[in-house]
Amino acid sequence: MGAFRLLLAVLVAVSHMGKTFSGLNPGVVAVISFLIISGFVMTSLIERNYKTTASVGRFYLDRALRLYPQFLLYFLASCAVIDWLLPGTPQAAELTIENILTSLTMLPLGFYMFGVGSSWILPAAWSLGLELCFYLVFPFLLIFKLRGVAFVLSVGVFLVACFGYINTDVYGYRLLPGVLFIFLCGSYLYRPQARGLLVAGLTTVAASVLFVAIMTGVITRHPFNAEVTLGIALGIPAVLVLTRFKYHRVDELLGNISYGVFLNHFVVMYLLRGFWPVAYDAQMVTVVLVLAFGLSGVSYYFVEKPILALRHKLRAGLKTTAAPSKGSGAIEST
């Protein structure tokens, strides 16, 4: 799924340059696919390495080692570029000690709508706060077999938001209660059984019907309810198909740079904006993406790759500890 993840990161970047498709925000559609992928990958990771309550702390450490290195690099780079090149802007106004320290913990970024953390220093990073919320609860949902209950409750919150009874953007896209079922659709696609495929299939059909109803005016269009439903309808079958493909080194390479592109495109945009007014025509969009790809390759090789070895050691150490007793919840090898 490496090429697909990179495509999703590109769509997020393009959306932040003001591009839409048929009036739809491609970045929101892409984020929904990221949530589905996350549910799939986290289920695989926990089932193979962290499937006991005693190992949940190690799972959290594994996730921190995955998300933080490049996030810290690009968040601090964004702070530096804003301070240097964009004085007097809304971005510069958020460069306070409180905002920076709060945002560096990442989790508050997912609650920026309540005045916690920063929404302008590295705007795309709000979804990392959402990811962390998912990581905090998901091991317990999987270990204690609570996915079904959580799925039903989350769908209820989403539908109330989708129809506009509560804030659609906040509760139907940004916060975990309304989107947890989207993560769980990805989870059900890992080693799918009949029930999981049925849940994912019915969700795809329901999302497709909702999208058509929204676009035809049967259901009132609220901020991002069309994009979220479209993202579900497209993302579930895409992930199901792509997980059937065998490993390929080129695909892995493309996947490796996707996270950096997701994070760094705003740093590139801020840098360019500091030197001349930027109009995001096709040429400038290409320039931003080329620079983002290049920076991501460098940050992956020098920042993330060295940490990857630590994550592998963490998992290997857990397997070694669990191996002697077959009745102690031993974790299968990678």
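In the block above lies the structure referred to throughout.
*Asks:* Before we go on, may I ask you to explain helix H10 (residues 194-215) in this structure?
*Replies:* Since one α-helical turn is 3.6 residues long, residues separated by three or four positions face the same way. Taking 1.5 Å of rise per residue, 22 residues should cover 32 Å, and H10 covers 31 Å from first to last C-alpha, within 8% of that figure. Three or more residues of H10 are buried, namely Gly196, Val199, Ala200, Thr203, Thr204, Ala207, Leu210, Phe211, Ala213 and Ile214. Close packing links the buried residues of H10 with helix H7 (147-162), helix H9 (176-188) and helix H11 (225-242).

*Asks:* Honestly, the packing of aromatic side chains in this entry has me stumped. Any pointers?
*Replies:* For any pair of aromatic rings, geometry is given as the distance between the ring centres together with the angle between the planes. In the structure shown here, the tally under the stated rule is 18 aromatic pairs. Here Phe134 and Tyr135 contribute two aromatic rings whose centre-to-centre distance is 6.2 Å and whose plane-to-plane angle is 50°, an arrangement assigned as tilted. The exposure classification of Phe134 matches that of Tyr135, with both residues buried. Linked through ring pairs, Tyr50, Phe59, Tyr60, Phe134, Tyr135, Phe138 and Phe183 together constitute an aromatic cluster. In this arrangement the basic side chain of Arg66 is found over the ring face of Tyr259, its NZ or CZ atom lying 4.7 Å from the centre. Directly above the aromatic system of Trp126 lies the positively charged group of Arg174, at a separation of 4.6 Å from the ring centroid.

*Asks:* Before we go on, may I ask you to explain the nonpolar core in this structure?
*Replies:* Nonpolar side chains in soluble globular proteins generally cluster together in the buried interior. Core analysis: the biggest nonpolar cluster contains 100 residues, and Phe71, Leu122, Leu128 and Ile182 have the highest contact counts within it. Element by element, the count of residues in this core is highest for helix H2 (residues 26-49), at 13 residues. Excluding anything up to four places from it in sequence, Leu128 contacts Leu67, Phe71, Met106, Tyr259, Phe262 and Leu263.

*Asks:* Please clarify how the environment of Ile214 should be interpreted in this entry.
*Replies:* The topology assignment puts Ile214 in helix H10. Taking the C-alpha atoms as reference points, Ile214 and Ala226, separated by twelve residues in sequence, lie 6.2 Å from one another. Those residues in contact with Ile214 that sit more than four places away from it in its chain are Cys162, Ile219, Arg221, Asn225, Ala226 and Thr229.

*Asks:* Explain the packing of helix H1 (residues 2-16) against H2 here, please?
*Replies:* For any two helices packed against each other, one specifies the inter-axial angle together with the distance between the axes. Two numbers describe how H1 lies on H2: the axes approach to 7 Å, and their chain directions differ by 145°. For the pair H1 and H2, the sense of crossing is left-handed. Packed against H1, whose contacting residues are Phe4, Arg5, Leu8, Ala9, Leu11, Val12 and Ser15, the element H2 presents Pro26, Gly27, Ala30, Val31, Ser33, Phe34 and Ile37 at the interface.

Criteria and cut-off values
Starting from 1, residues in each chain are numbered consecutively following that chain's sequence as written. Per-residue local features are limited, in this predicted model, to residues with pLDDT of at least 70; the limit for side-chain atom pairs, both in listing and counting, is 80 or more; totals at the level of whole chains, interfaces and linings are taken over all residues. Hydrogens are left out, water is left out, and the side-chain values use all remaining heavy atoms of the structure. Note on conventions: DSSP H or I runs of at least 4 residues are helices, E runs of at least 2 residues are strands, and numbering of each starts at the N terminus. Helix span is expected to be 1.5 Å times the residue number reduced by one. For each residue, the accessible area found with a 1.4 Å probe, counting protein chains only, is set against the maximum for its type, and the residue is called buried under 20%, exposed over 50%, and partly exposed in between. In this analysis, two residues are considered to be in contact whenever any of their non-hydrogen atoms come within 4.5 Å of each other. For Phe, Tyr and Trp, where Trp contributes only its six-membered ring, two rings pair if their centres lie within 6.5 Å, and the inter-plane angle classes them as stacked under 30 degrees, edge-to-face over 60, or tilted in between. Here, a charge over a ring is recorded when the distance from Lys NZ or Arg CZ to the ring centre is within 6 Å and its angle to the ring normal is within 35 degrees. Residues belong to one nonpolar core when they are buried, are Ala, Val, Leu, Ile, Met, Phe, Trp, Tyr or Cys, and are joined through side-chain atoms within 4.5 Å. Helix axes are fitted only over the stretch in contact, all axes being lines through C-alpha atoms; the angle between N-to-C directions runs from 0 to 180 degrees. With the far helix as reference, a near helix turned anticlockwise by less than a right angle produces a left-handed crossing, and one turned clockwise produces a right-handed crossing.

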